[in-house]
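# Survey of secondary and tertiary structure
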Amino acid sequence: MVDQRNRGPVALRILLGGQLRRFREEREITREAAGYAIRSSDSKISRLELGRVAFKIRDIEDLLTLYGVDDEAVRAPLLALAREANQPGWWRAFAAVLPDWSELYLGLETAATQIRAYEAQFVPDLLQTEDYARAAIGLNSSQFAAPPGELERRVSLRMRRQEILTHPEDPATLWVVLDEAALRRPVGGPRVTRAQMKHLLAVSEQPNVIIQVMPFAFGGHAAEGGTFSILRFAEPELSDVVHCRYLTGAVYLDKPADVLRYSEVMGRMIIDSTQPGDFADYLQRILAEE
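In this report, we go over the structure that sits alongside the text. (Residues numbered from 1 in each chain as written. Predicted model: local features only at pLDDT ≥ 70, side-chain atom pairs only at ≥ 80, totals over all residues. Heavy atoms only, no water.)

### Thoughts on the overall build of the protein chain
When helices and strands are counted, the protein chain shows 12 helices and six strands. Its C-alpha atoms put the protein chain at 70 × 45 × 35 Å along the principal axes. For the protein chain, the residues scored as buried account for 47% of the 290 residues in total. Summarising the internal contacts of the protein chain: among those between residues at least 6 apart in sequence, 72% fall at separations of at least 24. In the form shown here, the protein chain has an accessible surface area of approximately 14400 Å², with 53% of it arising from carbon and sulfur atoms. Taken together, the 35 basic and 41 acidic charged side chains of the protein chain have centroids lying 4 Å from each other. (Helix = DSSP H or I, 4+ residues; strand = E, 2+ residues; numbered from the N terminus. Buried < 20%, exposed > 50% of the residue type's maximum accessible area, 1.4 Å probe, protein only. Contact = heavy atoms within 4.5 Å. Areas by Shrake-Rupley, 256 points an atom, 1.4 Å probe, with all protein chains shown as cover. Lys, Arg positive; Asp, Glu negative; His and termini not counted. Charge placed at Lys NZ, Arg CZ, Asp CG, Glu CD.)

### Digging into the environment of F122
Positionally, F122 belongs in the loop between β1 (112-119) and α7 (130-138). If sequence neighbours within four positions are ignored, F122 has contacts with Y132, A136, L139, L178, A182 and V187.

### Quick notes on the environment of A117
Of note, A117 is situated in strand β1. Given a relative accessible area of 4%, A117 falls into the buried group. Measuring from C-alpha to C-alpha, the distance between A117 and R75 comes to 38 Å, with 42 residues separating the pair along the chain.

Here it is, written out as structure tokens:
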């Protein structure tokens, strides 16, 4: 059984989809022809190859046959991978409060071994206290009329996500550049904000959490496009993925040119921000001003 912490169903779908794409391209079969073979369309093949949808075992069997993959020693592990990739992720328990776009991100986040991020307005989800998360989620206009139970489910989901940083065997590494505005912006009132800042001081002592600050004094900086995350995975077959949020959804970028550009920006932000070891002193100075 594959360790779901390390990979998870979304990562497994991406791995299998990439293998299917390689088989198809080696046989010089078009997406249209592959789609016809499984009684579907070229767009369905594209979604399968990108790992964006669950697999039907019959479709995988038919595609492997079309691609000339007849050796049972090759087929059997791939079909087993497809079955495992169809298992629900832990987040399915929160399906009622999940936006449509977020399941893919939760799968990628669960599988990531390293997350690098720039945050402009809020403390990152993975570092929030329950009270801060409750206040931040409540700011979303779509939550104003939400029943209290739904808000609490969203808070519970956010807390559950944070377990990737405390996994006993292989916690993910989180490297964050925080705009100074995220530290100074009051969220949930002075008590909640101050407790959140103290929590940041505590988690910054974890060896797998690095926090830097982009100070106001620096002026303009390289992250002109706003908040983003770059996720990296243990499997070499999985390329880095850039995640960019917007009000009603998200964009996922995995083309090498896009990933390289965001990686360059992140590298520049790391250089221009406070040094990693200076975070506690910097935050203490901010707290002392209040």
